[in-house]
Amino acid sequence: MAMLSQEINRFLGNALLDPALFKCIFSNERARALQGFNLGPEERSTILASHARSLSELSRELTLTCATPDMADLNAGIDRFYQSLHAGVKQPAVHMESIAQRILNTLPAQHSPDGSAESEKLAKLKAVS
């Protein structure tokens, strides 16, 4: 699972609880709504450029562009793979591919219009296995 920064979570939580802030976010006063938050440049530009019409849409956009991978999930996947290798799994390569794909899915998106960067990464991981 990917995680948003504490400040984005604070922003979204305040927007959920404060009707005035919520109204500013979805009007032409969006820049003013961001003034009370210490957001990074990418976070700020994502919010300002968003065409979201609801808080859940805005949250999804922020997750897609600004989220970082949850290291606990990555480590748990690696541990499961390691245990499966030692438990006598007959097809560890298949399991390794699914773990590798899950790990790649948690990495921040590489802005590639055709998705070739992700395909290349997966091909390299398959070649190593």
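Residues numbered from 1 in each chain as written. Predicted model: local features only at pLDDT ≥ 70, side-chain atom pairs only at ≥ 80, totals over all residues. Heavy atoms only, no water.

1. Quick look at the packing of aromatic side chains
Under the counting rule described, the total for this entry stands at two aromatic pairs. Where Phe22 meets Phe26, the ring centres are 5.0 Å apart and the plane angle is 55 degrees; that geometry is what we call tilted. (Phe/Tyr/Trp six-rings, centres within 6.5 Å; stacked < 30°, edge-to-face > 60°.)

2. Some remarks on the confidence of the model for the protein chain
With 60% of its residues at a pLDDT of 70 or more, the protein chain has an overall mean of 76. Per-element confidence in the protein chain ranges from a low mean pLDDT of 64 for strand β2 (residues 68-69) to a high of 92 for helix α2 (residues 19-25). (pLDDT = per-residue confidence, 0-100. Helix = DSSP H or I, 4+ residues; strand = E, 2+ residues; numbered from the N terminus.)

3. What to know about the side chain of Arg30
Tracing the chain through its elements places Arg30 in helix α3 (residues 30-33). No salt bridge forms around the buried Arg30; measuring N to O, its nearest opposite-charge neighbour Glu61 is 6.6 Å away. Of note is the side chain of Arg30, whose polar atom sits 2.7 Å from the backbone oxygen of Ile47. Those residues in contact with Arg30 that sit more than four places away from it in its chain are Cys24, Ile25, Ile47, Leu48, Ser50 and Ala52. (Buried < 20%, exposed > 50% of the residue type's maximum accessible area, 1.4 Å probe, protein only. Lys, Arg positive; Asp, Glu negative; His and termini not counted. Salt bridge = Lys/Arg side-chain N within 4 Å of Asp/Glu carboxyl O. Polar contact = N/O pair within 3.5 Å; in protein donor to acceptor, adjacent residues only side chain to side chain. Contact = heavy atoms within 4.5 Å.)

4. Digging into the pattern of salt bridges
Applying the stated criterion to the full structure yields two salt bridges. For the salt bridge of Glu29 with Arg32, the shortest nitrogen-to-oxygen distance reads 2.5 Å. Exposure remark for Glu29: the relative accessible area of 33% places this residue in the partly exposed category.

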